[in-house]
Amino acid sequence: MVLGQSVRSEQAAESNPRVSVVMPAFHSGRWRPQAIDSIRAQTLQDFELIIVDDGSTDTTEHILLDAACEDSRVRAVRQEHMGVAAALNHGIGLARSPFIGRMDADDIAHQDRLQKQLNFLERCPDIVAVGSWAYLIDDDDRRTGELRPEPEPSKLHAMLLKQNPFVHSSMMISADEVRILGGYRSAFEGAEDYDLWLRISDRASLANLPEFLISYRRHGNSTAATAPNKQLLAARLARISAANRRANRPDILETLHAPL
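Here goes a summary of the coordinates provided.

Conventions we followed
Residues numbered from 1 in each chain as written. Predicted model: local features only at pLDDT ≥ 70, side-chain atom pairs only at ≥ 80, totals over all residues. Heavy atoms only, no water. Helix = DSSP H or I, 4+ residues; strand = E, 2+ residues; numbered from the N terminus. Buried < 20%, exposed > 50% of the residue type's maximum accessible area, 1.4 Å probe, protein only. Areas by Shrake-Rupley, 256 points an atom, 1.4 Å probe, with all protein chains shown as cover. Contact = heavy atoms within 4.5 Å. Polar contact = N/O pair within 3.5 Å; in protein donor to acceptor, adjacent residues only side chain to side chain. Core = buried A, V, L, I, M, F, W, Y, C linked by side-chain atoms within 4.5 Å. Expected span 1.5 Å × (residues − 1). Phe/Tyr/Trp six-rings, centres within 6.5 Å; stacked < 30°, edge-to-face > 60°. Lys NZ or Arg CZ within 6 Å of the ring centre and 35° of its normal. Axes fitted to C-alpha atoms, helices over the stretch in contact; angles between N-to-C directions. Parallel < 35°, antiparallel > 145°, perpendicular 65-115°, else oblique. Left-handed = near helix turned anticlockwise from the far one by under 90°.

### What to know about the overall build of the chain
Logical step 1: Counting secondary structure elements, the chain contains 9 helices and 9 strands.
Logical step 2: Here the chain, with 260 residues, has 53% of them falling under the buried criterion.
Logical step 3: Of the roughly 11,700 Å² of accessible surface on the chain, 50% is carried by carbon and sulfur atoms.

So this is what it looks like as structure tokens:
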């Protein structure tokens, strides 16, 4: 699918939302209603929430259809199981806003998250992606820690070749920038977000707001818990790929065409 070409023609006459929130969904039904409600409760109400069911076989499809029936801003779509990168690209292709807000189906967005990030990006046009600090929570919403990634764009550019200094579910990104880059790359599954930030940093600046705008859930079914070695390998390949580009050498993806 070519990003940006899946928008329905009948939407052309409608006014576009200020933010398109894209949420991939696969077998996380326990927390999904809470994640959806946290977007619906935002102080910024002019949004669309695009939820892409990545071939779930549990109750996910029914939960999403119920949410779409309750709120016209929620759009539920389904695809065969192809992984989170494909689900995200599907949602980005459907998005009508100039800004993509990322959200995971097991996290909680704080009430003013979308408004604060949108204000920042509109005020700072040289920055094309912004994340935030995050509270860590467990299966039962108990706060277990904090993530305070570096906010300064110049420091982030240097840090990116060593680590991923962004909380994926906290990000808001220029839709044009993501589409120019071709979206997420499935070959880096497990670190598809890290690869995208590295590619964005080749062209533009990224930042983090030094505010807690999301509660990020760590649980036994997360990628870091179920496939840590795969995630570490994908992150290492993303760094090698970025270092090659910065040295004017071929991107590693030229020889890597499928997930690890």
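### Regarding the environment of Q115
Logical step 1: Examined against the element boundaries, Q115 turns out to sit in helix 4 (residues 113-123).
Logical step 2: Residue classification places Q115 among the partly exposed residues on the basis of a relative accessible area of 22%.
Logical step 3: Between the C-alpha atoms of Q115 and D46, which are 69 residues apart in sequence, the distance is 9.8 Å.
Logical step 4: Once residues within four sequence positions are removed from consideration, Q115 is found in contact with R18, T43 and L44.
Logical step 5: Engagement of the side chain of Q115 in a polar contact is seen with the side chain of N119, the distance being 2.9 Å.

### Things to note about the nonpolar core
Logical step 1: Core analysis: the biggest nonpolar cluster contains 38 residues, and I173, Y184, W197 and I200 have the highest contact counts within it.
Logical step 2: Other than its neighbours up to four places away in sequence, Y184 contacts A85, L88, N89, I92, R102, H168, I173, E192, D193, L196, W197 and R199.

### Observations concerning helix 9 (residues 228-246)
Logical step 1: When the terminal C-alpha atoms of helix 9 are compared, their 27 Å separation across 19 residues agrees well with the 27 Å that a helix rising 1.5 Å per residue should span.
Logical step 2: Among all positions in helix 9, only A234, A235, L237, A238, S241, A242, N244 and R245 are buried.
Logical step 3: Considering only its buried residues, helix 9 is in contact with helix 7 (192-201).
Logical step 4: Looking at the residues trailing helix 9, positive phi occurs at N248, about 60°.

### Some words on helix 7
Logical step 1: The buried count for helix 7 comes to 10 of 10 residues, which makes it a mostly enclosed element.
Logical step 2: Taken residue by residue, helix 7 has E192, D193, Y194, D195, L196, W197, L198, R199, I200 and S201 as its buried positions.

### Details of the packing of aromatic side chains
Logical step 1: Scanning the model with the defined rule gives 3 aromatic pairs in all.
Logical step 2: Taking the centre distance of 6.1 Å and the plane angle of 65° together, the rings of F166 and W197 count as edge-to-face. With a gap of 31 residues between them, F166 in the loop between helix 5 (153-159) and strand 8 (172-174) and W197 in helix 7 connect regions that are remote in the sequence.
Logical step 3: By relative accessible area, which is 0% here, W197 ends up buried.
Logical step 4: The structure contains a cluster of three or more aromatic residues connected by ring pairs, namely W133, Y135 and F212.
Logical step 5: Taking NZ or CZ as reference, R143 lies 3.6 Å from the ring centre of Y135, over its face.

### A few points about unusual backbone geometry
Logical step 1: For D141, which is not glycine, the phi dihedral falls at a positive 70°.
Logical step 2: In this fold, D141 is placed in the loop between strand 6 (127-137) and strand 7 (143-147).
Logical step 3: With a phi close to 60°, N248 is a non-glycine residue in the positive phi region.
Logical step 4: Note on placement: N248 falls in the segment after helix 9.
Logical step 5: On the basis of relative accessible area, N248 is assigned to the exposed category, the value being 75%.

### Concerning the packing of helix 7 against helix 9
Logical step 1: Interaxial distance between helix 7 and helix 9 falls to 9 Å at its minimum, and their mutual angle equals 15°. Here helix 7 is positioned roughly parallel relative to helix 9, judged by the angle of their axes. Our pair here, helix 7 against helix 9, has a crossing hand that is right-handed. Taking contact as the criterion, the partners of Y194, D195, L198, R199 and S201 in helix 7 are, on helix 9, A235, A238, R239, A242, R245 and R246.

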